[in-house]
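Here are the chains, one letter per residue:
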Amino acid sequence: MNREISLSAQDITQAEIDAVVAVMRSERLSLGPRIPEFEAEFTKRLRVKHAIACSSGTAGLHMCWRALGVGRGDEVITTPFSFIASSNSIMFEGAKPVFVDIDPQTWQLDTARAAAAITPRTKALLPVDVFGCTPDMDAIWTIARRHHLRVLEDSCEALGATYQGRPCGTIGEAGVFGFYPNKQMTTGEGGMVVTNDDDLAFLIRSFRNQGRDPEGGWLAHPRLGFNYRMNDMQAAIGTVQMRRLDEILAKRDRVARLYLERLKDEPRLSTQRVLPQTHISWFVFVVRLSDHYAQSDRDRILGQLRAKGIGCNVYFPAIHLQPFYHTDLGYNPGDFPITEALSQRTMALPFHNHLTESDVDYVVTTLRALL
Ligand SMILES: *Cc1c(COP(=O)(O)O)cnc(C)c1O
């Protein structure tokens, strides 16, 4: 008998629903009291000075580049194995994403290659906490200090993760989270920038709100800004989700352990290596087929899993192989062989808070049979 097991699912309780209804009955649907309340959950939990809620993780990254002064003519070194928004955000300001290949075990930016890719135009590094883990952030900072580079941390997949005990998102000069429904916590759409830098925080608050200053008038715009605001309904959901974060992370940890136990002796599949100094926050459960399998085998297996009611997907397609990265930036197949070999063989399996042990058994048994 077939089941239906979705790839991802949000975890919304009556408390989130009540919080939204309360906002809708209030006088402020936007620029109201729920925004600072939600931001305070982040400054408290992440032990960081500033948290700035915004309309998405992508918007947060974009504002950070502008606040960091990264733009036309500048290069930013980052990973091609990520969600496309990380490097797109660099292009929004006219800067160039310079990709370097990844570490084959951790699936993260290879910091030795990053050091080798520095040119006189390099202005910043964008380490991405891929799948709730981190690259070697000590190495990132060593490179950044030596070459006077800015460091922005894309932590959109890593809320709750830590590096040497410090919360991810706070290792870079600024860090960004995203709250699309497949992330650890959701606000439907939304994002958060965190930083200890007062000047960056001031600028990002202004950029989010049409370039206004906090004490200025509604129609005073000292600088070019955006409407990247979060609304109060979203912030109300976010506050409840943040207060539930430990519960949410524990549920995800449990499901990941169920998978890992069942797959530990499976030579045809491997999972991401987590650096010993990193505590992972589970975002997705991605397995890699061994080199013995081709991309076509992976795609066939994904089709067969879906036919059996198991939600799954490729994760991630290499960013440099998207059409406009070829036409606009000149990247080509073969440029980053480790990334390409990985992204041709990865599969995201169903992963969310509501999966039962028997769901995981069904996924693993079905997958094994297909291998
Ligand atoms: C989700 C994600 C983003 C973008 O977040 P949105 O809120 O969807 O805009 C950026 N970078 C990475 C690595 C992500 O996974």
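Just so you know, these numbers come straight off a predicted model, no measurement behind them.

**Details of the nonpolar core**
Alright, step 1. Formed by 39 residues in total, the largest nonpolar core has its most connected members in Trp65, Phe131 and Leu152.
Alright, step 2. When contributions to this core are tallied by element, the ones reaching two or more residues are strand S1 (50–54), helix H3 (57–68), strand S4 (122–126), strand S8 (174–178) and helix H7 (198–208).
Alright, step 3. When residues of this core are assigned to their parent elements, the largest contribution, seven residues, is made by H3.
Alright, step 4. The residues contacting Leu152, other than those within four sequence positions of it, are Leu61, Cys64, Trp65, Leu68, Leu125, Leu126, Pro127, Ala174, Gly175 and Val176.
Alright, step 5. Trp282, Ile301, Leu349 and Leu370 belong to the second largest nonpolar core, which has 30 residues in total.

**Observations concerning the site of the ligand**
Alright, step 1. Neighbouring the ligand are 13 residues, the closest being Gly57, Thr58, Asp154, Glu157 and Lys183.
Alright, step 2. Between Gly57 and the ligand, the recorded distance is 2.8 Å, taken from a backbone N or O atom to an oxygen atom.
Alright, step 3. One of the side-chain nitrogen or oxygen atoms of Thr58 is found 2.5 Å away from an oxygen atom of the ligand.
Alright, step 4. Protein chains bury 93% of the 380 Å² of accessible surface belonging to the ligand in isolation.
Alright, step 5. Grouping the amino acids of the shell around the ligand by side-chain chemistry returns four nonpolar, six polar and three charged.

**Some remarks on the environment of Glu173**
Alright, step 1. The residue Glu173 is located in the loop between strand S7 (166–167) and S8 in this model.
Alright, step 2. Taking the C-alpha atoms as reference points, Glu173 and Val151, separated by 22 residues in sequence, lie 5.6 Å from one another.
Alright, step 3. Apart from the residues lying within four places of it in its own chain, the contact partners of Glu173 are Leu68, Trp141, Leu149, Arg150, Val151, Thr195, Asn196 and Leu200.
Alright, step 4. Within polar-contact distance, the side chain of Glu173 engages the side chain of Arg150 at 2.7 Å.

**Some remarks on the packing of aromatic side chains**
Alright, step 1. Within this structure, the stated rule accounts for 20 aromatic pairs.
Alright, step 2. Relative to Tyr325, the ring of Phe99 lies with its centre 5.8 Å away and its plane at 40°, an arrangement referred to as tilted. Pair noted here: Phe99 is in strand S3 (residues 96–99) and Tyr325 is in helix H11 (residues 323–327), with a separation of 226 residues, a long-range link.
Alright, step 3. Classification of Phe99 as buried rests on a relative accessible area of 4%.
Alright, step 4. You can call Tyr325 buried: its relative accessible area is 0%.

**Quick notes on unusual backbone geometry**
Alright, step 1. A cis amide bond links Tyr315 with the next residue in sequence, Phe316, at an omega value of -15°.
Alright, step 2. With phi around 65°, Trp107 is a residue other than glycine that occupies positive phi space.
Alright, step 3. Looking at the element boundaries, Trp107 is found in the loop between S3 and helix H5 (111–116).
Alright, step 4. Since its relative accessible area comes to 2%, Trp107 is described here as buried.
Alright, step 5. Unusually for a residue other than glycine, Phe131 sits at a positive phi of about 60°.
Alright, step 6. Here Phe131 lies in the loop between S4 and helix H6 (137–147).
Alright, step 7. On the basis of relative accessible area, Phe131 is assigned to the buried category, the value being 2%.

Rules and cut-offs
Residues numbered from 1 in each chain as written. Predicted model: local features only at pLDDT ≥ 70, side-chain atom pairs only at ≥ 80, totals over all residues. Heavy atoms only, no water. Core = buried A, V, L, I, M, F, W, Y, C linked by side-chain atoms within 4.5 Å. Buried < 20%, exposed > 50% of the residue type's maximum accessible area, 1.4 Å probe, protein only. Helix = DSSP H or I, 4+ residues; strand = E, 2+ residues; numbered from the N terminus. Contact = heavy atoms within 4.5 Å. Near = heavy atom within 4 Å. Polar contact = N/O pair within 3.5 Å; in protein donor to acceptor, adjacent residues only side chain to side chain. Areas by Shrake-Rupley, 256 points an atom, 1.4 Å probe, with all protein chains shown as cover. Nonpolar A, V, L, I, M, F, W, Y, C, P; charged D, E, K, R; others polar. Phe/Tyr/Trp six-rings, centres within 6.5 Å; stacked < 30°, edge-to-face > 60°.

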